[in-house]
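A look at the structure
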Amino acid sequence: MMNAESAVFALHVDPDGRSLEVVVDGLGLLTSSTLDHLVPEGSQPKLSGFWSQLQTSGAVAGWEIPVRTTSGIRAAVLGASRLSDRVAVVGHLAGADVYDLYDELSSINNEQSTTLRNALKRVARLEANAERSTSPLLDDMTRLANEMGMLQRDLAKQNAALQRLNRQKNQLIGMVAHDLRNPLGVITQFSTLVRTKAGDRLGSRETKLLGRIEQTARFMLHIVEDLLDLSAIESGEIRLESSSFSTSTLLDEAVSLEELRASNKQTTVTIESTDSPTVHGDLRKLVQVLANLISNAIKYGPPDSTVIVGSEQRGDRVRLSVSDQGPGIPPEECSRLFQPFGTTSVKATGGEKSTGLGLLIARKVVEAHAGTIGVETELGMGSTFWVELPCKRP
């Protein structure tokens, strides 16, 4: 079994992402001419974000992106530093200590700084007899190279510290949410029991207050469940209980979970499926993803509207979709949808509340299945949220 210390790799690539040299390969990378070929298709959007941040800041670390290896697709943590004429990309197997990434980045920075200083010294020696003014230029460039190396090492240290703090934050959220879940469940159950058993003996005001208690407790319980899911995903503790099943099974189970919510809002949920291929993954978690999209469609669609749930095979992938008849989402706000606590100006038509975590959790689960998630929307014409998954075993 590959250990964390050996599962480190480093590449030199040009500014366009084409591989120039494999410096270290402890992961068994597949031979590839570009970074795009090294990263699976489903993770290309994440690679684009990684590259965009690198172009903006000059250095980036801590991005978890799957890569192709001789033993299959492996989850890796990547970092990169922009040098004078190339980019140094380093990574390690997800789960390894983040300091592996820092050490590798520091090593490459030191090598580049040493190479630059030696080259400048050779140029200075060759031109010393012709032009003595080269010496100040050499000193300035050497000083700048050293400063750049120090800044990049400081950045790597700060990223490592942020990684540790993020893990501690996830552990704290997980503990607090776990301790809150049981009492909130008791409040919800008891308020429902009192309303059911003593409803005839309560006045209208008492019944209304009891309903408010039940509604608030359920919403708080929903927040706690979302926080627990998010904490498990971000701490790397998500486990996929994989099996093979048809997309029709997935659609049927997700729709059945939202029947009561749809009935309460006089919303019709229909399934329009042209294909029912077999997919491989965690059925329970994928049902959770699809049910969340259906719930949002009901929440933001008007009463007496229709929500259409469908599936369509596209080559070796299957697209699942949920379409509503809501107001649509402003284009400039779509980028917030799959981010932590991302909200838009669109309001639920029944006054329902949202934690802002559902779509983020959905994205994390879909990406864990080597899939992608997105939205197509037009103001006044509704929205269609879609999920694409590979038909074959990841």
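The following refers to the structure shown. Remember, it's a predicted structure, so these values are computed and weren't measured experimentally.

Observations regarding the overall build of the protein
Regarding its fold elements, the protein presents nine helices and 12 strands. In the protein, which comprises 394 residues, the share counted as buried stands at 41%. Restricting the contact set of the protein to residue pairs at least 6 apart, pairs at least 24 apart contribute 64%. Working note: accessible area of the protein is about 21,400 Å², and carbon and sulfur atoms make up 53% of it.

Section: the packing of helix α8 (residues 283–300) against helix α9 (residues 358–368)
At a closest axis distance of 10 Å, the pairing of α8 and α9 adopts a crossing angle of 145°. The way α8 lies across α9 gives a crossing that is left-handed. Listed contacts from α9 to K285, Q288, V289, N292, L293 and N296 of α8 are G358, L359, I361, A362, V365 and V366. Of the residues assigned to the contact of α8 with α9, the class counts are seven nonpolar, four polar and one charged.

Details of helix α2 (residues 44–57)
Taking 1.5 Å per residue as the helical rise, α2 with its 14 residues ought to reach 20 Å, and the 20 Å between its terminal C-alpha atoms agrees with that figure. When α2 is considered as a whole, its buried residues turn out to be L47, F50, W51 and L54. The arc that holds the buried residues of α2, viewed along the axis, is 95°, so those residues lie on one side. Counted as exposed and oriented over 90 degrees from the buried face of α2: P45 and T56. In this fold, the buried residues of α2 make contact with β1 (8–13), α1 (35–38), β3 (59–69), β4 (72–82) and β5 (87–93). One or two positions beyond α2, positive phi appears at G58, with a value near 90°.

Quick word on the sheet that holds strand β10 (residues 317–323)
The strand order across the open sheet formed by five strands is β7-β9-β10-β12-β11, and the pairing between neighbours is mixed. Single-partner strands in this sheet number two, and they are β7 (268–273) and β11 (372–378). Across the sheet, the axes of successive neighbouring strands diverge by a mean angle of 15°, strand direction being ignored. Bridge analysis of β7 against strand β9 (residues 306–314) gives six bridges, and the strand direction is parallel. Note on β9: the bridge partner recorded for T270 is I308. Across the sheet, α8 touches β7, β9, β10 and β12 (382–390), and the angle it forms with β10 is around 30°.

Focus on the nonpolar core
Nonpolar side chains in soluble globular proteins tend to end up buried together. In terms of nonpolar packing, the biggest core is built from 38 residues, with L250, L290, I294, V309 and V322 touching the most fellow members. Counting residues per element, this core draws most heavily on α8, which supplies nine residues. Of all hydrophobic cores here, the second largest spans 22 residues; its members include L27, L54, L78 and V89.

Notes on the packing of aromatic side chains
Here the distance between the centres and the angle between the planes together describe a pair of aromatic rings. By the definition in use, this model includes two aromatic pairs. Here the aromatic rings of F50 and W63 are separated by 6.0 Å at their centres, their planes lie at 75°, and the arrangement is edge-to-face. With F50 in helix α2 and W63 in strand β3, the pair connects residues that are 13 residues apart, well separated along the chain. Residue classification places F50 among the buried positions, given a relative accessible area of 0%. Ring geometry for F338 against F385: centres 6.3 Å apart, planes inclined by 70°, an arrangement best described as edge-to-face. On the criterion of sequence distance, the pair formed by F338 in the loop between β10 and α9 and F385 in strand β12 is long-range, its members being 47 residues apart.

Regarding a nonpolar patch on the surface
A surface patch of nonpolar side chains, amounting to about 280 Å² of accessible area, comprises V186, F190 and L193. Examined against the element boundaries, L193 turns out to sit in helix α4 (residues 134–197).

Some thoughts on unusual backbone geometry
With a phi angle near 65°, D304 is a residue other than glycine that sits in the positive phi range. The phi dihedral of A370 is positive, around 60°, even though this residue is not glycine. Structurally, A370 can be placed in the loop between α9 and β11. In this structure A370 comes out as partly exposed when scored by relative accessible area, which is 31%.

Re the pattern of salt bridges
Within the structure shown, the criterion is met by nine salt bridges. The closest approach of N and O atoms between D282 and K285, which form a salt bridge, is 3.7 Å. In this structure, D282 and K285 share a single accessibility class: buried. Between R314 and E312 there is a salt bridge, and its shortest N-O distance comes to 3.7 Å. Judged by relative accessible area, which is 40%, R314 ranks as partly exposed.

Cut-offs applied
- Sequence order as written defines residue numbering, which begins from 1 separately in each chain.
- Local features in a predicted model are, by the rule used here, given only for residues with pLDDT of at least 70; side-chain atom pairs are given and counted only at 80 or more, and totals for whole chains, interfaces and linings are based on all residues.
- Heavy atoms from the whole structure form the basis of all side-chain values; hydrogens and water molecules are not counted.
- Secondary structure follows DSSP: runs of H or I at least 4 residues long count as helices, runs of E at least 2 residues long count as strands, and numbering of each begins at the N terminus.
- Using a 1.4 Å probe on the protein chains alone, a residue whose accessible area is under 20% of its type maximum counts as buried, one over 50% counts as exposed, and one in between counts as partly exposed.
- The contact rule is simple, with two residues in contact once any of their heavy atoms fall within 4.5 Å.
- What sets the accessible areas is the Shrake-Rupley method with a 1.4 Å probe; for residues, cover comes only from the shown protein chains.
- Here, axes are lines fitted to C-alpha atoms. For helices the fit covers the stretch in contact, and angles between N-to-C directions go from 0 to 180 degrees.
- A crossing counts as left-handed when the near helix is turned anticlockwise from the far one by less than a right angle, and as right-handed when that turn is clockwise.
- Three categories are distinguished: nonpolar for Ala, Val, Leu, Ile, Met, Phe, Trp, Tyr, Cys and Pro, charged for Asp, Glu, Lys and Arg, and polar for the others, with Gly belonging to the last.
- For a helix, the expected span equals 1.5 Å multiplied by the number of residues minus one.
- By construction, the arc corresponds to the directions joining the helix axis to the C-beta atoms.
- One requirement defines pairing of two strands: DSSP has to find at least two bridges between them.
- Note on terminology: a nonpolar core comprises buried Ala, Val, Leu, Ile, Met, Phe, Trp, Tyr and Cys residues joined through side-chain atoms within 4.5 Å.
- Planes of paired rings set the category: under 30 degrees apart is stacked, over 60 is edge-to-face and the rest tilted, where pairs are Phe, Tyr or Trp rings (Trp by its six-membered ring) whose centres lie within 6.5 Å.
- Patches here are clusters of residues that have more than 30% relative accessible area and form no salt bridge, with a 9 Å joining cutoff for like charges and a 5 Å cutoff for nonpolar side chains (Val, Leu, Ile, Met, Phe, Trp, Tyr).
- What makes a salt bridge here is a side-chain nitrogen of Lys or Arg within 4 Å of a carboxyl oxygen of Asp or Glu, nothing more.

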